[in-house]
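Chain and residue survey
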Protein chains: 2
Amino acid sequence: MNEASVIAMIARHFPPRPQLYPLGIGDDTAILKAQLGLDLLTCDCMCEGVHFDFRWMGWGDVAYRCLSANISDIAAMGGEPGPFVLSLALPGHSPSVQDLEALFGGLRACVDEHHCQDLYLLGGDTVRSSGGLMLSITLLGRAPSGGAVRRSTARLGDKLVVFRPLGGAALGLELLRRGLHGRAPLFEREHRRPMAETSLGVALGQSGLLSAMMDLSDGLVQDLERLSAASGLRLRLEVDAIPRHPLLTSLCQELGLDERDFVLAGGEDYTLVATVPVEGLEALGVLLRREGREAYVIGEAFALGEGVDVGAFERRGFEHFDSA
Amino acid sequence: MNEASVIAMIARHFPPRPQLYPLGIGDDTAILKAQLGLDLLTCDCMCEGVHFDFRWMGWGDVAYRCLSANISDIAAMGGEPGPFVLSLALPGHSPSVQDLEALFGGLRACVDEHHCQDLYLLGGDTVRSSGGLMLSITLLGRAPSGGAVRRSTARLGDKLVVFRPLGGAALGLELLRRGLHGRAPLFEREHRRPMAETSLGVALGQSGLLSAMMDLSDGLVQDLERLSAASGLRLRLEVDAIPRHPLLTSLCQELGLDERDFVLAGGEDYTLVATVPVEGLEALGVLLRREGREAYVIGEAFALGEGVDVGAFERRGFEHFDSA
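For clarity, every value in this text was computed on a predicted model and none was experimentally measured. (Residues numbered from 1 in each chain as written. Chains lettered and ligands numbered in written order. Predicted model: local features only at pLDDT ≥ 70, side-chain atom pairs only at ≥ 80, totals over all residues. Heavy atoms only, no water.)

Here the focus is the overall build of chain A. Each helix and strand in chain A was counted, giving 10 helices and 11 strands. Relative to its length of 324 residues, chain A is compact, with a C-alpha radius of gyration of 20 Å against a globular reference of 20 Å. Overall size of chain A, expressed as C-alpha extent along the three principal axes, is 55 × 50 × 40 Å. When contacts within chain A are restricted to residue pairs at least 6 apart in sequence, long-range pairs at least 24 apart make up 85% of them. Counting every atom, chain A has about 11700 Å² of accessible surface; 49% of that belongs to carbon and sulfur. With 29 positive and 43 negative side-chain charges, chain A shows a separation of 2 Å between the mean positions of the two kinds. (Helix = DSSP H or I, 4+ residues; strand = E, 2+ residues; numbered from the N terminus. Rg over C-alpha atoms; globule rule 2.2 N^0.38 Å. Contact = heavy atoms within 4.5 Å. Areas by Shrake-Rupley, 256 points an atom, 1.4 Å probe, with all protein chains shown as cover. Lys, Arg positive; Asp, Glu negative; His and termini not counted. Charge placed at Lys NZ, Arg CZ, Asp CG, Glu CD.)

It is worth spelling out the interface of chain A and chain B at this point. If you look at the interface, chain A gives 65 residues, while chain B gives 65 residues. Surface buried jointly by chain A and chain B totals about 5500 Å² across both partners, of which 57% is contributed by carbon and sulfur atoms. Across the chain A-chain B interface, the total number found is four salt bridges. A:Arg151 is the salt-bridge partner of B:Asp27, the closest N and O atoms lying 3.5 Å from each other. At the level of elements, helix H1 (3-13), strand S1 (30-31), strand S2 (40-47), helix H2 (59-75), strand S3 (80-91), strand S4 (120-129), strand S5 (134-142) and strand S7 (212-215) of chain A are the ones that each hand at least two residues to the side of chain A that touches chain B. If one sorts the elements of the side of chain A that touches chain B by residue count, S2(A) sits on top with seven residues. For the side of chain A that touches chain B, the class distribution of residues is 31 nonpolar, 19 polar and 15 charged. By the bridge criterion, two bridges tie S2(A) to strand S1 (residues 30-31) of chain B in an arrangement that is antiparallel. When the bridges of S1(B) are listed, A:Leu40 appears paired with B:Ile31. (Buried area = accessible area lost by both parts, 1.4 Å probe. Salt bridge = Lys/Arg side-chain N within 4 Å of Asp/Glu carboxyl O. Nonpolar A, V, L, I, M, F, W, Y, C, P; charged D, E, K, R; others polar. Pairing = 2+ DSSP bridges.)

Residue and element names in this part refer to chain B. At their nearest, the axes of helix H2 (residues 59-75) and helix H3 (residues 97-114) sit 7 Å apart, and the two run at 35° to each other. H3 is crossed by H2, and the crossing has right-handed handedness. Residues Trp59, Gly60, Ala63, Tyr64, Leu67, Ser68 and Ile71 of H2 lie in contact with H3, whose contacting residues are Asp99, Leu100, Ala102, Leu103, Gly106, Leu107, Ala109, Cys110, Val111, Glu113 and His114. In terms of residue class, the contact of H2 with H3 is built from 12 nonpolar, four polar and two charged. (Axes fitted to C-alpha atoms, helices over the stretch in contact; angles between N-to-C directions. Left-handed = near helix turned anticlockwise from the far one by under 90°.)

Residues and elements named next belong to chain B. Most of helix H4 (residues 168-177) is tucked away, with nine of its 10 residues classed as buried. Those residues of H4 lying buried are Gly168, Ala169, Ala170, Leu171, Gly172, Leu173, Glu174, Leu175 and Leu176. Along its buried surface, H4 packs onto helix H5 (185-192), helix H8 (246-255) and helix H9 (259-265). Where H4 ends, the next residue or the one after it, glycine 179, has phi of about 75°, a positive value. (Buried < 20%, exposed > 50% of the residue type's maximum accessible area, 1.4 Å probe, protein only.)

Before going further, it helps to examine the state of the cysteines. Under the defined criterion, the tally for this structure stands at zero disulfides over all chains. B:Cys66 forms no disulfide, and the closest cysteine sulfur to it belongs to B:Cys45, at a distance of 7.1 Å. (Disulfide = S-S within 2.5 Å.)

This part covers the relation of the copies chain A and chain B. Expressed as a screw operation, the relation of chain A to chain B combines 0.0 Å of axial shift with a rotation of 180°, fitting to an RMSD of 0.0 Å. One copy is carried onto the other by what is essentially a two-fold rotation axis. Residues of chain A ranked by C-alpha distance from the rotation axis are headed by A:Gly131, positioned 2.4 Å from it. The fraction of interface residues of chain A whose copies in chain B are also interface residues reaches 100%, indicating that both copies meet through the same surface. (Least-squares fit on C-alpha atoms with pLDDT ≥ 70 in both.)

The next subject is the environment of A:Pro91. Residue and element names in this part refer to chain A. Mapping proline 91 onto the fold places it in strand S3. Accessibility expressed as a relative area gives 1% for proline 91, which makes it buried. The spatial distance from the C-alpha of proline 91 to the C-alpha of serine 130 is 6.5 Å, given a sequence separation of 39 residues. Every residue in contact with proline 91, bar those within four places of it in the chain, is listed here: Trp59, Ser129, Gly131, Gly132 and Leu133.

Before going further, it helps to spend a moment on the nonpolar core. Judged by nonpolar contacts, the single largest core of 107 residues is most densely connected at A:Phe84, A:Phe104, B:Phe84 and B:Phe104. If near-sequence neighbours (up to four positions away) are discounted, A:Phe104 is found in contact with A:Val6, A:Met9, A:Ile10, A:His13, A:Phe14, A:Leu86 and A:Leu88. (Core = buried A, V, L, I, M, F, W, Y, C linked by side-chain atoms within 4.5 Å.)

Residues and elements named next belong to chain B. For the pair H4 and H8, interaxial distance at closest approach is 11 Å and the crossing angle is 35°. You can see that H4 and H8 cross each other, and the crossing is left-handed. On the side of H4, the interface is formed by Gly168, Leu171 and Leu175, while H8 contributes Leu248, Leu251, Cys252 and Leu255. Taken together, the residues of the contact of H4 with H8 break down into six nonpolar, one polar and no charged.

Written out as structure tokens, the structure is:
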């Protein structure tokens with residue numbers, strides 16, 4: 001396949017939408033309607049052998065997860081996702097038409113599952129990689145009218161809140177690595193095709209009840225260290241209060257694994273963690289029940305300073321870029 | 001160096017500019033002022049061993065060229081460049097502090113040389129690559145008030161116009177490969193740090209004199225084949241009319257090279273090619289002389305259909321992504 005046939009395939013999966021975007025794929029740049037009011041901008045990059053392994057992920061899964069990671073970043077600001085572009089570096093040898101069909105089909109599936117009108121592929125760059133497959137997606141988004149929810153604005157005394165059980169994606173990967181396919185399809189799916197929290201993020205962003213928010217991508221403790229550093233506050237986690245799926249607990253017991261490894265440092269949860277002033281917790285509970293969701297208080301910002309207190313747990317988060 | 005220290009280095013080269021961009025590096029996403037009216041979106045990706053070779057390019061050159069390629073795409077729509085994000089996949093072994101300083105210094109130099117207020121790094125993603133260095137930049141831009149200049153809108157009878165001598169970047173690379181460093185610093189610079197045509201692109205876009213435009217990145221003939229396909233017009237090139245630097249001619253003669261290889265298929269010129277209705281040529285000449293530039297008519301759109309007539313020349317353009 002040459003570049004032109006890859007572009008033609010992309011245009012089949014993402015045909016023009018001129019009423020929303022005057023120009024998509026096929027020129028030097030895409031053209032947006034300036035009045036769309038897109039004011040959030042993020043990008044995420046995933047490399048074969050570092051961020052994914054084709055033994056456990058298909059081409060469609062890889063694309064789906066890369067887009068989810070971006071959508072999750074927009075959700076973490078309380079925003080709605082908009083158009084995106086894709087840089088695709090393809091290994092010289094392997095990509096068949098089927099591989100690429102799967103890749104763009106995975107992207108399209110992720111787009112369709114979010115039901116966000118503006119979420120759409122508008123262009124990109126397809127090149128040859130000297131190594132494995134590499135994807136980089138850049139996504140625009142729209143902040144809530146009250147402003148984006150940052151991670152630097154937590155306040156002393158605020159509670160730490162998460163919204164669903166953690167650690168499933170990491171356990172899913174561990175099960176796949178151990179050849180235990182099919183033991184927990186839920187967790188395999190969380191690893192392969194994590195669903196970013198768009199509607200939750202938008203509801204939280206519009207509520208005005210949060211002081212700060214971020215998404216969980218590298219593991220709870222490591223991500224909270226960033227929130228701590230940005231806010232200048234020390235955080236204390238109540239490890240037993242962190243929600244986990246009963247199946248995660250039972251599988252970890254069966255396999256002799258420490259479930260705290262998955263819950264605290266698993267990574268790739270692609271859900272949200274927020275700080276909430278105590279006086280807003282009740283209203284938050286009401287809001288979430290209306291959305292069919294729950295709030296789990298897992299700790300608090302207890303002092304000025306920096307760091308995450310977690311007891312005796314030895315941190316093993318995912319560091320994207322190791323020391324040279 | 002870990003991820004946090006890379007991000008800290010980026011923030012030194014691109015400190016916050018809150019009056020223009022409420023939030024840059026350091027959160028889940030960057031925040032733009034929605035009313036900035038940015039309506040162009042492009043991305044370009046470059047991989048070590050495919051798009052650049054560290055034997056001929058430094059880390060700063062690589063970053064400079066990748067940003068130039070993006071700015072060139074915006075210029076090709078007649079637009080001004082705005083904020084950008086960078087995905088950086090770093091080889092596991094090699095990047096020293098000096099390498100990364102050079103990389104961000106090269107980006108910063110490119111930004112500074114364009115004197116465009118909105119052109120600025122706002123964020124990105126830094127990961128570890130399983131292969132060589134990979135950069136992907138996504139750039140926003142602002143179209144001219146009359147609308148972006150597309151490549152699909154050329155009309156029958158229009159003249160093909162370029163604005164500076166072609167082939168220098170490709171000859172620069174050839175000289176470096178032959179160990180002839182210093183023989184033609186001008187061409188080495190065109191290879192390492194090509195200057196995208198921002199002010200020219202904006203002037204052309206505002207003039208309303210063009211029917212279509214695109215930038216030259218993969219070689220004149222290959223790029224014009226895309227314009228031809230998009231416009232549904234056959235193009236004829238007058239090879240002898242294509243401007244080339246006298247030093248390019250003399251070096252090619254001395255080294256036994258065919259200068260047409262460089263002029264027609266060299267690639268990475270990062271200048272512009274436009275189609276201009278005959279009745280607009282005179283006004284275009286006046287406009288360009290005011291900018292201190294020139295217009296070179298190098299052919300025309302002579303028939304309905306598709307293809308580029310170039311005489312006996314055998315095409316050898318740069319195809320980013322070879323057949324699998």
